[in-house]
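# Reading the structure
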Amino acid sequence: MALFIPQTTTTTVSLFLLLATTLFSLRHAAGDRGHGSLVLGLTHVRAVSPPRVAAVTTDMIEPLRGFRDGYLISLNLGSPPQVIPVYMDTGSDLTWVPCGNISFECMDCDDYRHHKLIAAFSPSYSSSSLRDLCTSPLCADVHSSDNPYDPCAVAGCSISTLVSGGCPRPCPSFSYTYGAGGLVVGSLTRDTLRVHTQSSAATREVASFCFGCVGSTFREPIGIAGFGKGALSLPSQLGFLRKGFSHCFLAFKYVDNPNFTSPLVVGSLAISSKEYFLFTPMLKSPTYPNYYYIGLEGISIGNDTMAIAPSNLRSFDPEGNGGMLIDSGTTYTHLPEPFYSLLLSKMESTIVYTRSNEYERRTGFDLCYETPCSDGSCSDNLPSVTFHFLNSVKLSLPKDNCFYAMSAPRGSMVVKCFLFQIMDDGGYGPAGVFGSFQQQNMEVVYDLEKERIGFQPMDCASSAARYGLHQK
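Residues numbered from 1 in each chain as written. Predicted model: local features only at pLDDT ≥ 70, side-chain atom pairs only at ≥ 80, totals over all residues. Heavy atoms only, no water.

### Overview of the overall build of the protein
The helix and strand tally for the protein stands at 9 helices and 30 strands. By residue count, 57% of the 472 residues in the protein fall in the buried class. Carbon together with sulfur atoms contributes 53% to the accessible area of the protein, which is approximately 19000 Å² in total. (Helix = DSSP H or I, 4+ residues; strand = E, 2+ residues; numbered from the N terminus. Buried < 20%, exposed > 50% of the residue type's maximum accessible area, 1.4 Å probe, protein only. Areas by Shrake-Rupley, 256 points an atom, 1.4 Å probe, with all protein chains shown as cover.)

### Concerning the nonpolar core
Membership of the largest hydrophobic core comes to 79 residues, with the highest contact counts inside it found for L296, V385, F387, F389, F418, F420 and F455. Ranked by residue count, the leading element in this core is helix α7 (residues 339-350), at 5 residues. Not counting the four nearest positions on each side in its chain, V385 is found in contact with I299, S300, I301, M347, L395, S396, L397, C402, F418 and F420. Counting residues in hydrophobic clusters, the runner-up holds 29 residues, among them C106, C134, L138 and V214. (Core = buried A, V, L, I, M, F, W, Y, C linked by side-chain atoms within 4.5 Å. Contact = heavy atoms within 4.5 Å.)

### Let's talk about empty space enclosed by the protein
Throughout the structure, instances matching the rule amount to 2 cavities of 30 Å³ or more. Volume-wise, the largest cavity comes out at about 50 Å³. Considering every element that reaches the lining of the largest cavity, the biggest residue donor is strand β2 (residues 60-67), with 3 residues. Its residues assigned to classes, the lining of the largest cavity shows 7 nonpolar, 3 polar and 1 charged. Put simply, the second largest cavity is a space of about 30 Å³. As for the second largest cavity, its lining consists of M60, E62, I73, S74, L75, N76, L193, R194, V195 and L234. Residue assignment for the lining of the second largest cavity shows that the elements contributing at least two residues are β2, β3 (70-77) and β9 (183-196). At 4 residues, β3 tops the list of elements feeding residues into the lining of the second largest cavity. Among the residues forming the lining of the second largest cavity, the class breakdown is 6 nonpolar, 2 polar and 2 charged. (1 Å grid on protein atoms, 1.4 Å probe; cavity = no way out; pocket = protein on both sides within 12 Å on 5 of 7 lines; lining within 4 Å. Points joined across faces, edges and corners; volume = space filled by probe spheres on them. Nonpolar A, V, L, I, M, F, W, Y, C, P; charged D, E, K, R; others polar.)

### What about the sheet that holds strand β23 (residues 385-389)?
The sheet built from 4 strands is open, its strands ordered β17-β16-β23-β24 with antiparallel pairing. This sheet does not close on itself; its edge strands, each paired only once, are β17 (307-308) and β24 (393-396). Sheet analysis places strand β16 (residues 296-301) next to β17, joined by 2 bridges and oriented antiparallel. Of the residues in β17, the one forming a bridge with G298 is I308. (Pairing = 2+ DSSP bridges.)

### With respect to the state of the cysteines
Evaluation of the coordinates by the stated rule reveals 7 disulfides. C171 supplies the cysteine sulfur nearest to C210, a cysteine that is in no disulfide, at a spacing of 7.7 Å. (Disulfide = S-S within 2.5 Å.)

### Brief notes about the environment of C99
Among the secondary structure elements, C99 is positioned in the loop between β5 (96-98) and β6 (105-107). Given a relative accessible area of 7%, C99 falls into the buried group.

### Observations concerning the side chain of S246
Relative to the helices and strands, S246 resides in strand β12 (residues 244-248). Looking at S246, the relative accessible area reads 2%, which means it is buried. Discounting chain neighbours no more than four positions away, the residues touching S246 are P263, L264, V265, A270, E443, V444 and V445.

### Points about the pairing of strand β8 (residues 174-178)
Counting buried positions along β8 gives 5 out of 5 residues, so the element sits mostly inside the fold. Side-chain alternation along β8 places F174, Y176 and Y178 on one buried face and S175 and T177 on a second face that is also buried. Hairpin connection, β8 to β9: the antiparallel pair is bridged by 4 residues, and G181 has positive phi, about 115°.

### Some words on the pattern of salt bridges
Counted under the stated rule, the structure contains 14 salt bridges. A salt bridge links D108 to R219; its shortest N-O distance comes to 2.7 Å. On the criterion of sequence distance, the pair formed by D108 in the loop between β6 and β7 (130-131) and R219 in the loop between β10 (203-218) and β11 (223-226) is long-range, its members being 111 residues apart. Between D447 and R452 there is a salt bridge, with its nearest N and O atoms 3.0 Å apart. For the pair formed by D447 and R452, the shared burial category is buried. Sharing partners across several salt bridges, the network here consists of E275, D447, K450 and R452. (Salt bridge = Lys/Arg side-chain N within 4 Å of Asp/Glu carboxyl O.)

### A few points about the packing of aromatic side chains
Evaluation of the coordinates by the stated rule reveals 24 aromatic pairs. Centre to centre, the rings of F403 and F418 are 5.4 Å apart; their planes meet at 40°, and the pair counts as tilted. In this pair, F403 sits in strand β25 (residues 403-405) while F418 sits in strand β26 (residues 413-418), placing the two residues 15 residues apart along the sequence. F418 carries the same exposure label as F403, and that label is buried. (Phe/Tyr/Trp six-rings, centres within 6.5 Å; stacked < 30°, edge-to-face > 60°.)

### A word on the side chain of S285
Secondary-structure assignment places S285 in the loop between β14 (278-281) and β15 (293-294). A polar atom in the side chain of S285 sits 3.1 Å from the backbone oxygen of G320. Sequence-distant contacts of S285, defined by excluding residues within four places in its chain, comprise Y293, F316 and G320. (Polar contact = N/O pair within 3.5 Å; in protein donor to acceptor, adjacent residues only side chain to side chain.)

### Some points on the pairing of β2
The buried fraction of β2 is high, at 6 of 8 residues. In this structure, β2 lies alongside strand β13 (residues 262-266), joined through 5 bridges in antiparallel fashion. For I61, the partnering residue across the bridge sits in β13 and is V265. The sheet contact formed by β2 and β3 spans 4 bridges and is antiparallel. By the bridge assignment for β3, G66 is matched with Y71. The turn joining β2 and β3, which pair antiparallel and follow one another in sequence, is formed by 2 residues; a positive phi near 55° is taken by R68.

### What about unusual backbone geometry?
Of all residues except glycine, most have a negative phi; of all peptide bonds, most are trans. Here the amide bond leading from S79 into P80 is cis, since omega sits at -5°, within 30 degrees of zero. Secondary-structure assignment places P80 in the loop between β3 and β4 (82-89). Following E337, the chain continues into P338 via a peptide bond in cis, with omega recorded as 0°. In this structure, P338 sits in the loop between β19 (333-335) and α7. Positioned with a positive phi, S208 is a non-glycine residue whose angle comes to about 60°.

What follows is the structure in structure tokens.
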């Protein structure tokens with residue numbers, strides 16, 4: 001996917017991209033955050049065997065904090081540890097953090113610049129920080145190279161060390177692009193990572209964790225913890241790729257509230273005793289093997305009959321395009337045309353409230369309605385939405401996962417918008433995306449051992465309390 005470049009910054013950004021594309025190998029990965037975000041432009045990703053690391057033998061439990069349009073996990077990196085909040089993203093592999101409190105530069109990120117949660121990692125303050133070597137398989141992976149000697153050749157290794165595979169030079173700088181146009185440039189670094197075990201007060205050290213130390217970005221102001229299936233991902237490096245993980249996202253009404261967190265569980269605990277969940281199989285894309293796909297059979301609006309989804313939402317073409325990506329890094333669910341318009345038509349035919357064209361223009365959402373609100377109590381008869389996934393999985397979404405009040409009540413009404421969006425994918429990559437907003441207040445289990453994804457509606461605040469992630 002071509003990067004979107006605002007006209008006001010075309011010259012500066014063009015120079016930045018020209019430098020990046022000239023000096024570094026480009027790579028596309030799924031995952032984005034923000035209003036109108038969608039996952040596009042995935043290029044071929046090699047399935048690389050996870051490197052041998054000192055695997056964490058106990059489960060990992062971390063709190064996720066809602067922030068703006070995603071969920072943050074705090075990485076404890078370095079010696080002594082530096083705490084860096086990053087987005088938890090199931091739609092990409094690379095874990096990266098902003099590096100350099102003064103030198104870190106994010107273009108087109110002005111609205112984030114002075115936020116207190118923005119933090120940067122300083123390698124010079126860590127006694128255990130090391131640059132990854134060009135001979136590392138993760139160096140080859142971040143450069144998307146099919147030739148393991150390519151990163152070393154870029155690093156300027158001699159022909160003898162290229163042939164022997166023994167060049168000691170650091171892994172060259174990389175660039176890593178995201179589907180909605182984000183771009184990061186940095187270097188692979190290894191350092192100690194500390195994770196919380198089943199006891200929230202206990203931590204375990206993981207030596208030589210590999211991540212991107214990023215000094216320049218375009219539209220990516222906060223780091224990312226990649227939870228995909230590739231070798232670079234956090235679960236892969238910690239040895240959990242044969243097990244799985246789960247998350248339970250609190251409602252977006254708790255976004256930016258530091259007193260509420262969502263539980264992220266990684267390891268056996270995440271998948272054990274979950275047979276009562278609704279499980280749908282993971283689909284395998286031959287071209288994009290590192291991402292999590294599920295198959296959508298249709299969607300029901302209210303008590304209406306199911307609208308049959310197009311076949312490309314549950315299967316792939318010969319080039320590996322299609323399927324429905326489930327992604328914590330994409331905020332809203334995206335559906336392809338003409339299925340999206342069919343869904344809007346069915347929705348509109350069941351709603352009796354007045355359309356708010358003003359809010360539709362302001363927000364970019366296609367269906368906004370003035371719903372009743374009196375004496376501080378707002379209730380409505382907006383229809384329910386039910387997803388029908390493969391394996392007869394029928395998932396009825398909480399109403400707040402579909403319609404959201406766009407402002408405080410005004411008079412006797414409040415405007416609510418339908419938070420689905422069109423998938424403008426150009427015919428490549430996933431056919432649709434199941435976003436994080438629609439995953440609120442349900443536990444989602446990624447059972448990597450049995451290659452399936454499970455759902456269970458749940459009070460995620462209570463779930464967080466069970467894991468000891470109480471309000472602070």
